[in-house]
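Descriptive analysis of the structure
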Amino acid sequence: MGCLSEAFLVLLRSGLWKQEPDDLSCFPLSEQDWTRLLRIARQQTVTGLVYRGICRLPEKLLPSDIILMKWVVAVEQIEQGNSRMNEGLKGLYHLFVKEGIIPVLQKGQGIAQLYEEPLLREFGDIDFYFSDSEMSRQAVDLLARLGVKVNRMPDGSFNYRWKGWEVEHHSRLIDCYNPFLQRYLKKLEAVTDSIRIPMDGEEDLEVKVPSPCLNLMLLDMHIMKHAFGWGIGLRQLCDMARACYVWHGKMDTKLFKEVSRKTGITRWNSLLFSFLKEYLGLPATYLPYEVKPVDSSALLERIMTGGNFGFYGTGRLQGGTSVCMRKWRTACSFLRNVEFACRYAPKEGFWSFVQLMRGQF
(Lines give C-alpha, C1' and ligand atoms only; values in the text may rest on other atoms or scores of the structure.)
Protein backbone atom coordinates (compact mmCIF):
# COMPACT_ATOMS: atom_id res chain seq x y z
CA MET A 1 0.00 0.00 0.00
CA GLY A 2 1.41 3.37 -1.05
CA CYS A 3 2.01 6.32 1.22
CA LEU A 4 -0.98 8.26 -0.17
CA SER A 5 -3.35 5.35 0.52
CA GLU A 6 -1.97 5.08 4.04
CA ALA A 7 -2.50 8.80 4.61
CA PHE A 8 -6.03 8.50 3.28
CA LEU A 9 -6.86 5.67 5.69
CA VAL A 10 -5.28 7.53 8.61
CA LEU A 11 -7.57 10.51 7.98
CA LEU A 12 -10.58 8.26 7.40
CA ARG A 13 -10.09 6.47 10.73
CA SER A 14 -9.64 9.78 12.48
CA GLY A 15 -12.92 11.13 11.09
CA LEU A 16 -14.79 7.86 11.55
CA TRP A 17 -14.04 7.67 15.27
CA LYS A 18 -13.48 11.39 16.01
CA GLN A 19 -9.98 10.71 17.33
CA GLU A 20 -6.51 12.08 16.71
CA PRO A 21 -4.71 10.67 13.62
CA ASP A 22 -2.91 7.49 14.63
CA ASP A 23 0.06 7.80 12.23
CA LEU A 24 1.57 10.96 10.76
CA SER A 25 4.56 9.32 9.08
CA CYS A 26 3.12 9.87 5.58
CA PHE A 27 2.68 13.60 6.10
CA PRO A 28 3.18 16.30 4.91
CA LEU A 29 1.58 15.76 1.50
CA SER A 30 2.29 17.71 -1.66
CA GLU A 31 -0.34 19.88 -3.35
CA GLN A 32 -0.70 17.19 -6.01
CA ASP A 33 -1.17 14.48 -3.38
CA TRP A 34 -3.87 16.51 -1.61
CA THR A 35 -5.73 16.85 -4.93
CA ARG A 36 -5.47 13.11 -5.52
CA LEU A 37 -6.60 12.40 -1.95
CA LEU A 38 -9.72 14.50 -2.46
CA ARG A 39 -10.47 12.55 -5.63
CA ILE A 40 -10.07 9.24 -3.77
CA ALA A 41 -12.37 10.42 -0.98
CA ARG A 42 -15.03 11.39 -3.52
CA GLN A 43 -14.72 8.09 -5.37
CA GLN A 44 -15.13 6.22 -2.07
CA THR A 45 -17.97 8.59 -0.95
CA VAL A 46 -16.30 9.32 2.40
CA THR A 47 -15.40 12.98 1.76
CA GLY A 48 -17.04 14.25 4.95
CA LEU A 49 -15.31 11.70 7.18
CA VAL A 50 -11.88 12.35 5.70
CA TYR A 51 -12.43 16.09 6.08
CA ARG A 52 -13.07 15.62 9.80
CA GLY A 53 -9.77 13.77 9.97
CA ILE A 54 -8.03 16.65 8.20
CA CYS A 55 -9.42 19.05 10.82
CA ARG A 56 -7.49 17.10 13.47
CA LEU A 57 -4.12 17.43 11.74
CA PRO A 58 -1.47 19.75 13.21
CA GLU A 59 -1.61 23.12 11.46
CA LYS A 60 1.75 22.61 9.76
CA LEU A 61 0.44 19.48 8.01
CA LEU A 62 -2.78 20.99 6.64
CA PRO A 63 -3.27 21.46 2.89
CA SER A 64 -3.18 24.90 1.29
CA ASP A 65 -6.13 27.24 1.70
CA ILE A 66 -7.15 26.61 -1.92
CA ILE A 67 -7.30 22.84 -1.41
CA LEU A 68 -8.92 23.20 2.00
CA MET A 69 -11.65 25.40 0.53
CA LYS A 70 -12.51 22.66 -1.98
CA TRP A 71 -13.01 20.27 0.94
CA VAL A 72 -15.15 22.77 2.81
CA VAL A 73 -17.41 23.32 -0.20
CA ALA A 74 -17.74 19.56 -0.79
CA VAL A 75 -18.67 18.94 2.86
CA GLU A 76 -21.25 21.74 2.88
CA GLN A 77 -22.87 20.21 -0.21
CA ILE A 78 -23.02 16.82 1.53
CA GLU A 79 -24.63 18.29 4.65
CA GLN A 80 -27.17 20.29 2.63
CA GLY A 81 -27.96 17.28 0.48
CA ASN A 82 -28.55 15.12 3.54
CA SER A 83 -30.95 17.69 4.97
CA ARG A 84 -32.91 17.78 1.70
CA MET A 85 -32.97 13.99 1.52
CA ASN A 86 -34.29 13.77 5.08
CA GLU A 87 -37.13 16.10 4.09
CA GLY A 88 -37.88 14.00 1.01
CA LEU A 89 -37.83 10.83 3.09
CA LYS A 90 -40.14 12.43 5.64
CA GLY A 91 -42.72 13.38 3.03
CA LEU A 92 -42.69 9.98 1.32
CA TYR A 93 -42.79 8.01 4.57
CA HIS A 94 -45.72 10.06 5.89
CA LEU A 95 -47.51 9.54 2.57
CA PHE A 96 -47.25 5.77 2.96
CA VAL A 97 -48.19 5.76 6.66
CA LYS A 98 -51.26 7.89 5.96
CA GLU A 99 -52.47 5.10 3.66
CA GLY A 100 -51.74 2.40 6.23
CA ILE A 101 -48.56 1.27 4.47
CA ILE A 102 -45.62 0.79 6.85
CA PRO A 103 -42.31 0.26 5.02
CA VAL A 104 -39.04 -0.73 6.67
CA LEU A 105 -36.17 1.68 5.97
CA GLN A 106 -32.98 -0.06 4.84
CA LYS A 107 -29.45 1.32 5.10
CA GLY A 108 -29.08 4.97 4.08
CA GLN A 109 -30.45 7.65 6.37
CA GLY A 110 -31.22 5.14 9.10
CA ILE A 111 -27.60 3.96 9.27
CA ALA A 112 -26.43 7.59 9.13
CA GLN A 113 -27.81 8.00 12.65
CA LEU A 114 -25.05 5.68 13.89
CA TYR A 115 -22.42 8.29 13.08
CA GLU A 116 -21.21 11.01 15.42
CA GLU A 117 -22.29 13.55 12.79
CA PRO A 118 -25.02 11.94 10.63
CA LEU A 119 -25.06 14.72 8.02
CA LEU A 120 -21.43 13.97 7.12
CA ARG A 121 -22.27 10.49 5.83
CA GLU A 122 -22.65 10.82 2.09
CA PHE A 123 -26.17 10.07 0.93
CA GLY A 124 -27.18 7.61 -1.76
CA ASP A 125 -30.75 6.60 -2.46
CA ILE A 126 -33.76 5.71 -0.30
CA ASP A 127 -34.35 1.98 0.20
CA PHE A 128 -37.58 0.51 1.51
CA TYR A 129 -38.55 -3.08 2.24
CA PHE A 130 -42.17 -4.22 2.39
CA SER A 131 -42.88 -7.29 4.47
CA ASP A 132 -45.51 -8.70 2.10
CA SER A 133 -46.34 -8.47 -1.59
CA GLU A 134 -49.77 -6.92 -0.95
CA MET A 135 -48.29 -3.96 0.91
CA SER A 136 -45.71 -3.55 -1.84
CA ARG A 137 -48.49 -3.53 -4.47
CA GLN A 138 -50.44 -0.94 -2.50
CA ALA A 139 -47.39 1.32 -2.37
CA VAL A 140 -46.83 1.04 -6.13
CA ASP A 141 -50.52 1.66 -6.85
CA LEU A 142 -50.47 4.75 -4.62
CA LEU A 143 -47.46 6.16 -6.46
CA ALA A 144 -49.07 5.44 -9.83
CA ARG A 145 -52.17 7.40 -8.81
CA LEU A 146 -49.90 10.32 -7.98
CA GLY A 147 -48.38 10.19 -11.46
CA VAL A 148 -45.04 8.71 -10.40
CA LYS A 149 -43.43 6.45 -13.00
CA VAL A 150 -42.42 3.24 -11.22
CA ASN A 151 -40.05 0.80 -12.94
CA ARG A 152 -39.88 -2.89 -12.16
CA MET A 153 -36.32 -4.23 -12.01
CA PRO A 154 -35.05 -7.71 -13.05
CA ASP A 155 -34.70 -8.82 -9.41
CA GLY A 156 -38.33 -8.01 -8.61
CA SER A 157 -37.64 -4.67 -6.92
CA PHE A 158 -39.10 -1.31 -8.00
CA ASN A 159 -37.45 2.05 -8.47
CA TYR A 160 -38.58 5.59 -9.18
CA ARG A 161 -37.69 9.21 -8.48
CA TRP A 162 -39.37 11.10 -5.65
CA LYS A 163 -38.71 14.82 -5.24
CA GLY A 164 -35.47 14.33 -7.16
CA TRP A 165 -34.29 11.32 -5.10
CA GLU A 166 -33.83 7.74 -6.28
CA VAL A 167 -36.05 5.36 -4.32
CA GLU A 168 -36.06 1.56 -4.39
CA HIS A 169 -38.62 -0.92 -3.05
CA HIS A 170 -36.93 -4.23 -2.32
CA SER A 171 -38.49 -7.67 -2.38
CA ARG A 172 -36.18 -9.08 0.32
CA LEU A 173 -34.82 -7.64 3.52
CA ILE A 174 -31.42 -9.33 3.31
CA ASP A 175 -29.42 -9.89 0.11
CA CYS A 176 -29.40 -13.67 0.47
CA TYR A 177 -30.29 -15.55 -2.72
CA ASN A 178 -30.07 -19.15 -1.53
CA PRO A 179 -33.67 -20.35 -2.10
CA PHE A 180 -33.37 -22.93 0.67
CA LEU A 181 -32.87 -20.21 3.29
CA GLN A 182 -35.72 -17.86 2.41
CA ARG A 183 -38.24 -19.35 4.83
CA TYR A 184 -35.69 -19.32 7.65
CA LEU A 185 -34.80 -15.66 7.04
CA LYS A 186 -38.45 -14.67 6.72
CA LYS A 187 -39.11 -15.90 10.24
CA LEU A 188 -36.39 -13.60 11.55
CA GLU A 189 -38.01 -10.48 10.08
CA ALA A 190 -40.70 -10.23 12.73
CA VAL A 191 -38.58 -8.03 15.01
CA THR A 192 -38.21 -4.39 13.96
CA ASP A 193 -37.19 -1.27 15.84
CA SER A 194 -38.20 2.37 15.59
CA ILE A 195 -35.62 5.13 15.37
CA ARG A 196 -35.89 8.89 15.08
CA ILE A 197 -34.18 10.85 12.31
CA PRO A 198 -33.54 14.53 13.19
CA MET A 199 -35.21 17.02 10.87
CA ASP A 200 -33.16 20.18 11.40
CA GLY A 201 -35.15 21.56 14.31
CA GLU A 202 -38.52 20.28 13.09
CA GLU A 203 -40.43 17.32 14.44
CA ASP A 204 -38.27 14.21 14.14
CA LEU A 205 -39.24 11.42 11.76
CA GLU A 206 -39.90 8.06 13.40
CA VAL A 207 -39.33 5.17 11.00
CA LYS A 208 -39.27 1.40 11.15
CA VAL A 209 -35.87 -0.24 10.69
CA PRO A 210 -34.68 -3.85 11.07
CA SER A 211 -33.55 -5.04 14.49
CA PRO A 212 -29.81 -4.50 15.14
CA CYS A 213 -29.02 -8.17 14.45
CA LEU A 214 -30.85 -8.23 11.10
CA ASN A 215 -29.66 -4.75 10.20
CA LEU A 216 -26.06 -5.81 10.70
CA MET A 217 -26.66 -8.95 8.63
CA LEU A 218 -28.27 -6.78 5.95
CA LEU A 219 -25.14 -4.58 5.80
CA ASP A 220 -22.88 -7.62 5.89
CA MET A 221 -24.45 -9.43 2.94
CA HIS A 222 -24.99 -6.22 0.98
CA ILE A 223 -21.25 -5.58 1.10
CA MET A 224 -20.52 -9.18 0.16
CA LYS A 225 -22.91 -9.17 -2.81
CA HIS A 226 -21.31 -6.09 -4.33
CA ALA A 227 -17.77 -7.30 -3.55
CA PHE A 228 -18.60 -10.41 -5.58
CA GLY A 229 -19.94 -8.26 -8.42
CA TRP A 230 -18.86 -4.85 -9.68
CA GLY A 231 -17.29 -3.84 -6.39
CA ILE A 232 -17.93 -1.96 -3.15
CA GLY A 233 -16.74 1.33 -1.68
CA LEU A 234 -15.52 2.37 1.74
CA ARG A 235 -18.75 4.12 2.75
CA GLN A 236 -20.48 0.75 3.17
CA LEU A 237 -17.53 -0.62 5.15
CA CYS A 238 -17.67 2.45 7.41
CA ASP A 239 -21.39 1.79 7.90
CA MET A 240 -20.58 -1.73 9.03
CA ALA A 241 -17.88 -0.50 11.41
CA ARG A 242 -20.17 2.10 13.00
CA ALA A 243 -22.99 -0.45 13.31
CA CYS A 244 -20.70 -2.93 15.09
CA TYR A 245 -19.54 -0.18 17.43
CA VAL A 246 -22.93 1.37 18.29
CA TRP A 247 -24.84 -1.90 18.56
CA HIS A 248 -22.20 -3.64 20.66
CA GLY A 249 -24.02 -5.10 23.66
CA LYS A 250 -27.42 -4.26 22.13
CA MET A 251 -27.82 -7.15 19.72
CA ASP A 252 -28.15 -10.91 19.86
CA THR A 253 -24.62 -11.96 18.93
CA LYS A 254 -25.44 -15.67 19.22
CA LEU A 255 -28.22 -15.24 16.67
CA PHE A 256 -25.94 -13.27 14.36
CA LYS A 257 -23.31 -16.00 14.50
CA GLU A 258 -25.97 -18.65 13.88
CA VAL A 259 -27.36 -16.77 10.86
CA SER A 260 -23.81 -16.37 9.54
CA ARG A 261 -23.26 -20.11 9.85
CA LYS A 262 -26.56 -21.02 8.20
CA THR A 263 -26.03 -18.64 5.31
CA GLY A 264 -22.49 -19.94 4.78
CA ILE A 265 -20.67 -16.63 5.20
CA THR A 266 -18.43 -17.36 8.20
CA ARG A 267 -15.31 -17.40 6.03
CA TRP A 268 -16.40 -14.14 4.41
CA ASN A 269 -16.96 -12.65 7.86
CA SER A 270 -13.40 -13.53 8.84
CA LEU A 271 -12.24 -11.44 5.88
CA LEU A 272 -14.69 -8.60 6.53
CA PHE A 273 -14.09 -8.41 10.27
CA SER A 274 -10.32 -8.48 9.75
CA PHE A 275 -10.68 -5.56 7.34
CA LEU A 276 -12.75 -3.56 9.80
CA LYS A 277 -10.11 -4.08 12.48
CA GLU A 278 -6.97 -3.67 10.38
CA TYR A 279 -7.90 -0.80 8.06
CA LEU A 280 -10.81 1.00 9.74
CA GLY A 281 -9.57 0.73 13.31
CA LEU A 282 -12.58 -1.04 14.84
CA PRO A 283 -11.45 -2.58 18.17
CA ALA A 284 -11.66 -6.38 18.11
CA THR A 285 -13.91 -6.33 21.19
CA TYR A 286 -16.63 -4.63 19.12
CA LEU A 287 -16.78 -7.30 16.41
CA PRO A 288 -20.06 -9.28 16.40
CA TYR A 289 -18.12 -12.40 17.32
CA GLU A 290 -14.51 -13.47 17.54
CA VAL A 291 -12.82 -14.61 14.34
CA LYS A 292 -9.34 -15.77 13.44
CA PRO A 293 -7.64 -12.78 11.77
CA VAL A 294 -6.84 -13.19 8.08
CA ASP A 295 -5.04 -11.07 5.50
CA SER A 296 -7.67 -8.63 4.20
CA SER A 297 -5.46 -6.79 1.71
CA ALA A 298 -7.29 -8.46 -1.21
CA LEU A 299 -10.51 -6.78 -0.09
CA LEU A 300 -8.74 -3.45 0.29
CA GLU A 301 -7.38 -3.72 -3.25
CA ARG A 302 -10.88 -4.34 -4.65
CA ILE A 303 -12.26 -1.38 -2.74
CA MET A 304 -9.53 1.07 -3.69
CA THR A 305 -9.50 0.01 -7.35
CA GLY A 306 -13.21 0.24 -8.08
CA GLY A 307 -14.48 2.92 -5.70
CA ASN A 308 -18.14 3.29 -4.80
CA PHE A 309 -19.95 0.16 -6.06
CA GLY A 310 -17.07 -0.39 -8.50
CA PHE A 311 -18.13 2.62 -10.52
CA TYR A 312 -14.53 3.66 -11.21
CA GLY A 313 -13.32 0.20 -12.21
CA THR A 314 -12.06 -0.38 -15.74
CA GLY A 315 -15.08 -2.41 -16.85
CA ARG A 316 -17.58 0.23 -15.74
CA LEU A 317 -15.81 2.95 -17.72
CA GLN A 318 -15.88 1.13 -21.05
CA GLY A 319 -17.97 2.43 -23.89
CA GLY A 320 -21.26 0.95 -25.07
CA THR A 321 -24.50 1.84 -23.37
CA SER A 322 -26.94 -0.58 -25.02
CA VAL A 323 -29.01 -2.78 -22.72
CA CYS A 324 -27.37 -5.95 -24.03
CA MET A 325 -23.90 -4.52 -23.53
CA ARG A 326 -24.65 -3.45 -19.96
CA LYS A 327 -26.07 -6.89 -19.14
CA TRP A 328 -23.07 -8.59 -20.67
CA ARG A 329 -20.58 -6.47 -18.71
CA THR A 330 -22.50 -7.12 -15.48
CA ALA A 331 -22.36 -10.87 -16.09
CA CYS A 332 -18.66 -10.67 -16.89
CA SER A 333 -17.95 -8.79 -13.67
CA PHE A 334 -19.40 -11.69 -11.67
CA LEU A 335 -17.51 -14.25 -13.73
CA ARG A 336 -14.23 -12.45 -13.08
CA ASN A 337 -14.90 -12.74 -9.34
CA VAL A 338 -15.92 -16.41 -9.28
CA GLU A 339 -12.68 -17.48 -7.61
CA PHE A 340 -13.01 -14.78 -4.96
CA ALA A 341 -16.65 -15.70 -4.25
CA CYS A 342 -15.94 -19.43 -4.11
CA ARG A 343 -13.13 -18.86 -1.64
CA TYR A 344 -15.22 -16.92 0.89
CA ALA A 345 -18.90 -17.87 0.37
CA PRO A 346 -19.29 -20.50 -2.37
CA LYS A 347 -22.98 -21.28 -1.86
CA GLU A 348 -24.14 -17.68 -1.75
CA GLY A 349 -21.78 -16.78 -4.57
CA PHE A 350 -23.38 -19.49 -6.72
CA TRP A 351 -26.97 -18.47 -5.97
CA SER A 352 -26.14 -14.78 -6.46
CA PHE A 353 -24.86 -15.59 -9.92
CA VAL A 354 -27.96 -17.69 -10.69
CA GLN A 355 -30.20 -14.81 -9.61
CA LEU A 356 -28.17 -12.38 -11.69
CA MET A 357 -28.45 -14.54 -14.81
CA ARG A 358 -32.17 -15.05 -14.33
CA GLY A 359 -32.74 -11.33 -13.83
CA GLN A 360 -30.48 -10.15 -16.63
CA PHE A 361 -31.47 -12.58 -19.36
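Everything below is about the structure shown above.
Described below are features of the structure shown in this document.

The rules behind each value
- Residues numbered from 1 in each chain as written.
- Predicted model: local features only at pLDDT ≥ 70, side-chain atom pairs only at ≥ 80, totals over all residues.
- Heavy atoms only, no water.
- Phe/Tyr/Trp six-rings, centres within 6.5 Å; stacked < 30°, edge-to-face > 60°.
- Helix = DSSP H or I, 4+ residues; strand = E, 2+ residues; numbered from the N terminus.
- Buried < 20%, exposed > 50% of the residue type's maximum accessible area, 1.4 Å probe, protein only.
- Axes fitted to C-alpha atoms, helices over the stretch in contact; angles between N-to-C directions.
- Parallel < 35°, antiparallel > 145°, perpendicular 65-115°, else oblique.
- Contact = heavy atoms within 4.5 Å.
- Nonpolar A, V, L, I, M, F, W, Y, C, P; charged D, E, K, R; others polar.
- Polar contact = N/O pair within 3.5 Å; in protein donor to acceptor, adjacent residues only side chain to side chain.
- Salt bridge = Lys/Arg side-chain N within 4 Å of Asp/Glu carboxyl O.

1. What about the packing of aromatic side chains?
Enumeration according to the criterion identifies 12 aromatic pairs in this entry. Ring geometry for Tyr93 against Phe128: centres 6.2 Å apart, planes inclined by 45°, an arrangement best described as tilted. Here Tyr93, found in helix H4 (residues 65-98), pairs with Phe128, found in strand S2 (residues 126-129); they are 35 residues apart in sequence, far enough to count as distant. In this structure, Tyr93 and Phe128 share a single accessibility class: buried. Taken together, a centroid distance of 6.2 Å and an interplanar angle of 50° make the contact between Phe256 and Tyr289 tilted.

2. Considerations on the packing of helix H2 (residues 31-43) against helix H3 (residues 47-54)
Between two packed helices, the angle of one axis relative to the other and the distance separating the axes together describe the packing. Remark: H2 packs on H3, axes separated minimally by 8 Å, with the N-to-C direction vectors making an angle of 140°. Our classification of the angle between H2 and H3 gives oblique. Of H3, the residues touching H2 (which contributes Trp34, Leu37, Leu38, Ala41 and Arg42) are Thr47, Val50 and Ile54. Within the contact of H2 with H3, the residues separate by chemical class into six nonpolar, one polar and one charged.

3. So, the side chain of His222
With respect to the helices and strands, the residue His222 is situated in helix H8 (residues 212-228). Take His222: its relative accessible area is 9%, and that puts it in the buried class. One polar contact links His222 to Asp175, side chain to side chain, over a distance of 3.1 Å.

4. Details of the pattern of salt bridges
Following the criterion strictly, the structure yields 12 salt bridges and no others. Linking Glu117 and Arg52 is a salt bridge whose minimum nitrogen-to-oxygen distance equals 3.1 Å. Of this pair, Glu117 sits in the loop between helix H5 (108-112) and S2 while Arg52 sits in helix H3, and the two are 65 residues apart along the sequence. Residue class for Glu117 comes out partly exposed when judged on its relative accessible area of 25%. Accessibility expressed as a relative area gives 25% for Arg52, which makes it partly exposed. Taken together, the salt bridges that share partners define one network made up of Glu134, Arg137 and Asp141.

5. Things to note about the environment of Met240
Here Met240 shows up in helix H9 (residues 234-246). Since its relative accessible area comes to 0%, Met240 is described here as buried. When residues no more than four places from it in sequence are discounted, the contact partners of Met240 are Leu216, Leu219, Asp220, Ile223, Leu272, Phe273 and Leu276.

6. Digging into unusual backbone geometry
In most cases, non-glycine residues show a negative phi, while peptide bonds are predominantly trans. Between Phe27 and the following residue, Pro28, the backbone shows a cis peptide bond with an omega angle of 5°. Mapped onto the elements, Pro28 comes out in the loop between helix H1 (3-17) and H2. Of note, the phi angle at Lys18 is positive, near 50°, even though the residue is not glycine. With relative accessibility at 38%, the residue Lys18 sits in the partly exposed group. We note that Lys163 has phi near 55°; this positive angle belongs to a residue other than glycine. One can find Lys163 in the loop between strand S4 (158-162) and strand S5 (165-170). Judged by its relative accessible area of 65%, Lys163 is exposed.

By themselves, these observations are geometric and do not establish any function.
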